[in-house]
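Remarks on the overall topology
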Amino acid sequence: MKIDNSQGNLCALLDNPMRENLHRICLADFSDLSHLDREKLFNATVLSESGKAYRSQTRTLYSALRPFGRFILNEGVCSFPTTRQEWQSILLRFQSYYLRDPESNAIFSSRCRTWDDSVVLWLRGLTAESVIPRGVQYPRCDLPEPVVDPGSPSRPKLLGDRAADYTPISAPINKTLAGPIFWRSEVEYLDEVEENLRARNNIVRDVLDDYWLRLTKDYRTGKNQMRKISPIEFQRRMAESDWNSDLVRPKIGQYGGDLAPLTHPDVPNNLGWALVIAKNELKISNDTECLSRRKLGAHPAMLWNFFHKGKSTLNLTAYTALRAEQSARLEERLLFLRLLGVLSNVDLAVAVAILIQEHPNFTPEALISARLINSRGRSGLLVADGGRSRIFSVDKPRAGSRKYALLTPRAATVMRHVVRATSGIRNMLRRCGSKFWRHLFLGCAGGPATKSGIVQIAARQLNNRESYSLATLYPELAQAGVDSSFDFAKLRATQGVLEWFATGSIAKASKRLGNSYRVCLENYIPAPLLSLWNERIIRNFQNVLIVLAASSEDYLLDVSDFQSIEELHKFLLRIVVEYPATVSPVGKLIQQRFGKYKFQEYGLAVDDQSGVQQSLLTLRLDENSLAVLMAFQAWAPSNMSSSELETLEATTGLSPRAFIDLAEFLNRAALSEDVGEALRESLMLSRLKVVHQAAQLRIPNVIERFKSMRIRATWDVVHA
């Protein structure tokens, strides 16, 4: 942040990380203030706001500094007072003006909250920089606590007060893909919401995968077209500025009779020539508009109507993998950029949606503003396991942390294509000196003169039914009930609710979302579903007690909640599986009464041991074991063949390559200064750094010991 008065207009300049130009905020209300006091005020504000995020600086200027400027202009203040009493009077009058400021549309409660949260914090910064004398009290808007605690409406503590009747909120809650969730008393509604939510989530997954598959097919098609053009021939034509073919255009009136340019529809491989020319412009140009319609259309190899809608010289729809009705919604320039491998804002919105669906611990805001390379030159995408796995990390500014995720195969596929498709624009932005070259999601939006670089990624690229978006390309979204309110936040919340449905654990849902238990409970799990879930748990336990009490009676079906003997048998099978004898006395009784029945006719026996076995790797953090592991990493590649490195040991299923990757992982973690909290806790990072430093001194001695050993495929160590 800095204050500018060079052009006679007093304003603040802020660096918006998502915009190339600086954000200008007018401060003309301070023009009547004396130059000395104005400089003191602005310098103190700049110092107190330095290092803060762009949004925090903007909030301070709009909620504190500008209202103070309107106040001193309204009061006719030309210089600041010098005594503590005068400053106290000014602050009291400023608070009164702030709460009734006619320029603000905020309600009274919002003004009080903003005053206590933002304005008072700004005033403290002024005191720290000696603009306001120390000892001046900052007026607050919060009301004092009552001397006598009256309790809550449901539990009053005053004599004579009755508890208020509880009435659940009747307004539906619309935070997921399931649409509005209403307050209902039927427990079956929970199953209905879960089934609807899973169905819509699967439809969205299928649509996103289909779009991405067609996008990568177009990328490969464009690559194949460009391979038809000889690089030597292209370099020759570029050196000689010869962009005409050997084809003579027929003469029609005063037009024609000359050699046709290389992109003429009758010239062989005209699309390949157009793509190669555009690719070269992106490679050598320092202009962010090098892929605009105006710039490409001005090239001598291009015809005037090369990108003209309805009159394009190229039949691009014949090359794209999109369906006919889908390609008809795209303008020719977007189809051309799609074959060129340049991503549009819709392509990037689909990539963000897939990443959120696979890793909902990344928030939409953090993903959209993610950087592939940070200011210290470190990559946010790490390759592990010999290139087989990728670890991606993003900053969550509001949480003040960095989130990590081992990308799933689906997310890794998307990330690989995004990185390779944005490399050309990233290099061009770096040559131009743009600050956006570090960003992950770069592309080129529609329009005749749109710049390449940062494009706006918003929910309208997914749900807008009037213009080019995912919703217009795939009508099956609307048919499945995914309405126009579909956005990134709902997609993320859906993954958390589905995890809660699958496990019944809010703790696991909060871990999947990357939020705390309280935040997940208050903001992501809809309250009606939580109420029905608790009711289902109570009913389930009631049924367990009923079937235990009436297990040998003929009226068991009548006293339970089940309509048929089949439903009762399925319930008995489920509780036998879910309540082992060692869990509780109730589990012991269940196994004694019903454990002997197999219920094979319902598709699963009680003693079915199906499932995935999970293993846990435990590392001993001492300098000797770590030195042996790191010495093996340095010694094995040059002393073992590739086949020996990949040979699996029969008992553990591990290969020498696994230990090399493990050593590399621990080495990077010990040397890195940017490790997430979850990984830091799992590795005991502080202990690892100490042990790693001591192990470095032992590595040469261990390698010498390796020279007197040889390793067989059976992992037997034989001394020479």
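1. Observations concerning the pattern of salt bridges
Enumeration over the complete set of coordinates arrives at 22 salt bridges. In this structure, Glu-358 engages Arg-410 in a salt bridge whose closest nitrogen and oxygen atoms are separated by 2.7 Å. Of the two residues, Glu-358 is situated in helix H11 (residues 345–358) and Arg-410 in helix H13 (residues 409–432); the sequence distance between them amounts to 52 residues. Arg-410 matches Glu-358 in its accessibility class, with the two residues each being buried. Overlapping salt bridges bring together Glu-233, Arg-236, Arg-237, Glu-240 and Asp-242 as one network.

2. Looking at the side chain of Thr-263
Inspection of the secondary structure assignment puts Thr-263 in the loop between strand E5 (259–261) and helix H7 (270–284). By relative accessible area, Thr-263 is classed as buried at 0%.

3. Topic: unusual backbone geometry
For Ser-130, which is not glycine, the phi dihedral falls at a positive 65 degrees. Mapping Ser-130 onto the fold places it in the loop between helix H4 (108–128) and helix H5 (188–227).

4. Observations concerning the nonpolar core
With 85 residues, the main nonpolar core has Leu-291, Phe-336, Phe-392, Phe-441, Ile-457, Leu-470 and Phe-488 as its most contacted residues. Ranked by residues supplied to this core, first place goes to H11 with 10 residues. Leu-65, Val-77, Trp-87 and Val-119 belong to the second largest nonpolar core, which has 36 residues in total.

5. Topic: empty space enclosed by the protein
Taken as a whole, this structure holds three cavities of 30 Å³ or more when the rule is applied. Taken together, Leu-330, Leu-334, Leu-337, Arg-338, Val-342, Ser-344, Asp-347, Cys-444 and Tyr-468 form the lining of the largest cavity. By residue number, the principal contributor to the lining of the largest cavity is helix H10 (residues 332–340), which donates three residues. In terms of residue class, the lining of the largest cavity is built from six nonpolar, one polar and two charged.

6. What to know about the packing of H11 against H13
To describe two helices that pack against each other, one gives the angle between their axes and the distance between the axes. It is the contact of H11 with H13, at a shortest axis distance of 9 Å, that shows an interaxial angle of 150 degrees. Judged on the interaxial angle alone, H13 and H11 are roughly antiparallel. By crossing handedness, the relation of H11 to H13 is classed as left-handed. Contacts from Ala-351, Ile-354, Leu-355, Gln-357 and Glu-358 in H11 reach Arg-410, Ala-411, Val-414, Met-415 and Val-418 in H13. By residue class, the composition of the contact of H11 with H13 is seven nonpolar, one polar and two charged.

7. Here we look at the packing of aromatic side chains
This structure, assessed with the given rule, holds 16 aromatic pairs. Ring geometry for Phe-234 and Trp-243: centres 5.9 Å apart, planes at 55 degrees, overall tilted. Three or more aromatic residues link up through ring pairs in this structure, and these residues are Phe-68, Phe-71, Phe-80, Trp-87, Phe-94, Tyr-97, Tyr-98, Trp-115 and Trp-122. Lying across the ring of Trp-437, Arg-430 places its NZ or CZ 4.1 Å from the centre.

8. Comments concerning the environment of Ala-260
For Ala-260, the position within the fold is in strand E5. The class for Ala-260 is buried, based on a relative accessible area of 0%. Spatially, the C-alpha atoms of Ala-260 and Leu-247 are 5.6 Å apart, while their sequence positions differ by 13 residues. Look past the residues within four positions of Ala-260 in its chain and what remains in contact with it is Asn-244, Ser-245, Leu-247, Arg-249 and Val-267.

9. Section: the sheet that holds strand E1 (residues 2–4)
Strand order in this open sheet of three strands is E1-E2-E3, and the pairing throughout is antiparallel. A strand with exactly one partner marks an edge of an open sheet, and here the two such strands are E1 and strand E3 (23–26). Across the sheet, the axes of successive neighbouring strands diverge by a mean angle of 35 degrees, strand direction being ignored. Two elements, E1 and strand E2 (residues 11–14), share three bridges in a ladder whose sense is antiparallel. Residue Asp-4 lies in a different strand from E2, and its bridge partner there is Cys-11. Relative to the sheet, helix H2 (residues 54–75) contacts E2 and E3, its axis offset from that of E3 by approximately 10 degrees.

10. Thoughts on the pairing of E2
Of the two faces of E2, the one carrying Cys-11 and Leu-13 and the one carrying Ala-12 and Leu-14 are both buried. As defined by bridge partners, E2 adjoins E3 across four bridges and the pair is classed as antiparallel. Following the sheet pairing, Leu-13 is matched in E3 by Arg-24.

11. A few points about the packing of helix H26 (residues 656–671) against helix H28 (residues 685–696)
Contact pair H26 / H28: the axes reach a minimum separation of 9 Å and the direction vectors enclose 110 degrees. Looking at the two axes, H26 sits roughly perpendicular to H28. Residues Leu-666, Asn-667, Ala-669, Ala-670 and Leu-671 of H26 pack against Leu-685, Leu-688, Lys-689, His-692 and Gln-696 of H28.

12. Looking at helix H3 (residues 84–99)
Taking 1.5 Å per residue, 16 residues should reach 22 Å; H3 reaches 23 Å between its end C-alpha atoms and fits that length. Turning to H3, its buried residues number three or more, namely Trp-87, Ile-90, Leu-91, Phe-94, Gln-95, Tyr-97 and Tyr-98. When H3 is viewed along its axis, its buried side chains cluster within an angular range of 165 degrees and face the same direction. Where the residues of H3 are buried, they touch H2 and H4.

13. Details of the environment of Asp-4
Position of Asp-4 relative to the elements: it lies in strand E1. With 22 residues separating them in the primary sequence, Asp-4 and Cys-26 have C-alpha atoms 9.8 Å apart. Every residue in contact with Asp-4, bar those within four places of it in the chain, is listed here: Asn-9, Leu-10, Cys-11, Leu-13 and Arg-24.

Definitions and limits used
Residues numbered from 1 in each chain as written. Predicted model: local features only at pLDDT ≥ 70, side-chain atom pairs only at ≥ 80, totals over all residues. Heavy atoms only, no water. Salt bridge = Lys/Arg side-chain N within 4 Å of Asp/Glu carboxyl O. Helix = DSSP H or I, 4+ residues; strand = E, 2+ residues; numbered from the N terminus. Buried < 20%, exposed > 50% of the residue type's maximum accessible area, 1.4 Å probe, protein only. Core = buried A, V, L, I, M, F, W, Y, C linked by side-chain atoms within 4.5 Å. 1 Å grid on protein atoms, 1.4 Å probe; cavity = no way out; pocket = protein on both sides within 12 Å on 5 of 7 lines; lining within 4 Å. Points joined across faces, edges and corners; volume = space filled by probe spheres on them. Nonpolar A, V, L, I, M, F, W, Y, C, P; charged D, E, K, R; others polar. Axes fitted to C-alpha atoms, helices over the stretch in contact; angles between N-to-C directions. Parallel < 35°, antiparallel > 145°, perpendicular 65-115°, else oblique. Left-handed = near helix turned anticlockwise from the far one by under 90°. Contact = heavy atoms within 4.5 Å. Phe/Tyr/Trp six-rings, centres within 6.5 Å; stacked < 30°, edge-to-face > 60°. Lys NZ or Arg CZ within 6 Å of the ring centre and 35° of its normal. Pairing = 2+ DSSP bridges. Expected span 1.5 Å × (residues − 1). Arc of directions from axis to C-beta.

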